[in-house]
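# Inside the fold
As a plain string of letters, each chain reads:
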Amino acid sequence: MELTLKREVFTDKSTIGSLFVNGVFECYILEDPDRGLKQDMPLAEIERLKKYGVTAIPYGKYKVVRTKSERFSLKAGHTVIMPLLLDTPGYAGVRIHIGNKPEDTLGCLLPGRQIGVNCVMESTKATQQLEKKIEGAIANGEQVWITITK
């Protein structure tokens, strides 16, 4: 399964893009502000440009897997399995999860069905629908990849 995130709306508080699943529009994605990071930059440069908790992950291509989230499992009081982007340089624990505003991201990707100023709405529905597709693809033996572009 190929996910493509095309970043389109850039503000000093957030980045909003359109997510496509195998070329078909799926939902919008809210991220932290884009600081122009690229996957192939030296790690030292990424760390110099990155501002913790308020910087979108680097442009590039990442494998997506489903794993237990310790943070969300602790918060929920039960095991929570969620999508995780692997090998994001300068970042750890980049997930796709429910959230509406930049304060909810910490580098993660927040799906939504509608967009507003620095926010997405109907995140729960959009996230559940996307997670179901990712889960199904992995269960069928497919690899899931996300490419982040401008």
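Here goes a summary of the coordinates provided. Here the structure is a predicted model, which means the values were calculated and not measured.

Using the criterion set out here, one finds six salt bridges in the structure. For Arg7, the salt bridge goes to Glu31, with nearest N and O atoms at 2.8 Å. Residue Arg7 is found in strand E1 (residues 2–10), and its partner Glu31 is found in strand E3 (residues 24–31); the two are separated by 24 residues along the sequence. On the basis of relative accessible area, Glu31 is assigned to the buried category, the value being 1%. Ionic pairing is found between Arg7 and Asp34, a salt bridge with its closest N-O pair at 4.0 Å. Pair noted here: Arg7 is in strand E1 and Asp34 is in the loop between E3 and helix H1 (43–49), with a separation of 27 residues, a long-range link. For Arg7, a relative accessible area of 2% translates into the label buried. Salt bridges here are not isolated pairs; linked through shared partners, they connect Arg7, Glu31 and Asp34.

Cut-off values and rules
- Residues numbered from 1 in each chain as written.
- Predicted model: local features only at pLDDT ≥ 70, side-chain atom pairs only at ≥ 80, totals over all residues.
- Heavy atoms only, no water.
- Salt bridge = Lys/Arg side-chain N within 4 Å of Asp/Glu carboxyl O.
- Helix = DSSP H or I, 4+ residues; strand = E, 2+ residues; numbered from the N terminus.
- Buried < 20%, exposed > 50% of the residue type's maximum accessible area, 1.4 Å probe, protein only.

Everything listed here is a matter of coordinates, which is why it stays silent on function.
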